[in-house]
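# Understanding the architecture of this molecule
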Amino acid sequence: MTTDSLTLLKQIQVLDPVTNTHSIRDILLDKEKILKIDFHIDKISSNTEIINGKDLIFAPGLVDLYSYSQEPGHESRETLENLAASAIAGGFTRVGILPQTIPPVDTLTSLTYLQQRAKEVLPVKLNFWGNLTKDGKGEQMTELRELAINGVLGFTDNQQIESLGMLWRLLEYLKPLEKPIALVPDCFSLKGNGVIREGSSSINYGLNVNPSIAESTAVASILEVVAVTQTPVHLMRISTHRSIELIAWGKSRGIPVTASTTWMHMLLDSEAIASYDPNLRLNPPLGNPEDRTALINGISEGVIDMIAVDHHAYTYEEKTVPFAEAPPGTIGLELALPLLWQELVATKKLSAVQLWKALSSEPRKYLGEPLTSIKEGSPLEFIIFDPNKSWEISLSNLSSLSHNTFWLGHKIKGKVTASFIK
């Protein structure tokens, strides 16, 4: 849009997860805000760009709670510019960056550097998690208060904290700071070098098992500590039906806990590992079919609050190894929305509003950001999504430097066609 231009979206589907509405309207925008919403709006002036909204969706920008940046430290995988371009292409206007950079975000110097770099990759809003402990080793607290007052998004080691005593002390110390705390429920002594959940697939594929109790026992332990401290925590990467049962139990008893799963765990299960595609090597592993069903139901019922992308770029050489030797992770910022839409909304497993809540309004609310309702005067942070647009996932069609995705070479439906960000 030029400085004085207007944009008129005609008869577009307006999807608002804040008001739980899905309707068809005309919408008039300038470069900063929504000017008008009505059943019908005439062209305002000669410099009004008119977009035919038939079969298109206008909705708030998506918010990714956690993904990896490869800068600083691994720029050959992906730079912040590439990450931001991937985010915009996929409809994500805000991304939470995990602290596993080189150096890690466990000092004010590291945080300040990344905050300055983030200003260079606008309009995507990048915010940065800080480590709970030095280098995420679980042994010594970082300068939590200093990071908190200087704008850190929240705190996570992005891996299990083996010492429950350390976890208890961290939660007691962090409670008055009122910053998000994200924990990975995992137990190293149980999972070992396992790469697949136990079940018929693990038997058939001959891979070392990472048992589901490695996650669920950690969930139970964290809930017991949180029940005492009453410090709100977020459980990351939930992947098993038993964990969902435990979280539902905790919420029913007033334990202050929220939870997220990843988009890959919503889409695929352990049966897909029959391909031995190293891009399906994830941490935690893909669940069994009953786990994936429980996750979908968990989103529908509000037990699982959010879906994260957990975007993690690797070079071709790093991922072109046997399945069990591959580093865990996959890219996803450009792919999550179209694939989730086709798998969950098009099949009516979730409504469009439910999916958008899990990808947009719920993570915004959790992070304490103002919710973006679609009304006259709302500042621009919206996207247009075409659920029927087909495109091929290829090296030339992806914004990331890395292309480690199970869907490379596949043709899929669904594409973000425009972003409106103030």
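Worth saying up front: this structure is predicted, and the values here are computed from it rather than measured.

## Observations regarding the UniProt feature "domain: Dihydroorotase catalytic" (unreviewed entry) in the chain
If you check UniProt for "domain: Dihydroorotase catalytic" (unreviewed entry), the listed places come out as residues 58-236 in our numbering. Counting secondary structure, residues 58-236 comes out at 37% helix and 16% strand; the distance between its end C-alpha atoms is 29 Å.

## Some thoughts on the layout of surface pockets
For the largest pocket, the calculated volume is near 600 Å³. In terms of lining residues, the largest pocket is bounded by 35 residues, among which Tyr-68, Asn-158, Arg-237, Asn-283 and Pro-328 are the most central. Residue assignment for the lining of the largest pocket shows that the elements contributing at least two residues are α5 (188-191), α7 (213-229) and α9 (263-267).

## Regarding the pairing of strand β2 (residues 21-29)
Relative to β2, strand β1 (residues 6-16) runs antiparallel, the two sharing 8 bridges. Bridge assignment links Leu-9 to a residue of β2, and that residue is Ile-27. The hairpin turn running from β1 into β2, its antiparallel successor, is 4 residues long, and Asn-20 in that turn takes a positive phi close to 55°.

## Thoughts on the packing of aromatic side chains
Evaluation of the coordinates by the stated rule reveals 7 aromatic pairs. When the ring of Trp-341 is compared with that of Phe-385, the centres are 5.5 Å apart and the planes differ by 65°; the resulting orientation is edge-to-face. One end of the pair, Trp-341, is in helix α12 (residues 336-345); the other, Phe-385, is in strand β14 (residues 381-392), and 44 residues separate them in sequence. Owing to a relative accessible area of 9%, Trp-341 belongs among the buried residues under this scheme. The exposure class of Phe-385 is buried, given its relative accessible area of 1%. For the pair Phe-406 and Trp-407, a centre-to-centre distance of 5.2 Å together with 85° between the ring planes defines the contact as edge-to-face. For the pair formed by Phe-406 and Trp-407, the shared burial category is buried. An aromatic cluster is present here, built from Trp-263, Phe-406 and Trp-407 joined pairwise through their rings. Geometry around Trp-391 places Lys-415 over its ring, the cationic atom sitting 4.7 Å from the centre.

How each quantity is defined
Residues numbered from 1 in each chain as written. Predicted model: local features only at pLDDT ≥ 70, side-chain atom pairs only at ≥ 80, totals over all residues. Heavy atoms only, no water. UniProt positions renumbered as here; feature names shortened; annotations may be inferred. Helix = DSSP H or I, 4+ residues; strand = E, 2+ residues; numbered from the N terminus. 1 Å grid on protein atoms, 1.4 Å probe; cavity = no way out; pocket = protein on both sides within 12 Å on 5 of 7 lines; lining within 4 Å. Points joined across faces, edges and corners; volume = space filled by probe spheres on them. Pairing = 2+ DSSP bridges. Phe/Tyr/Trp six-rings, centres within 6.5 Å; stacked < 30°, edge-to-face > 60°. Buried < 20%, exposed > 50% of the residue type's maximum accessible area, 1.4 Å probe, protein only. Lys NZ or Arg CZ within 6 Å of the ring centre and 35° of its normal.

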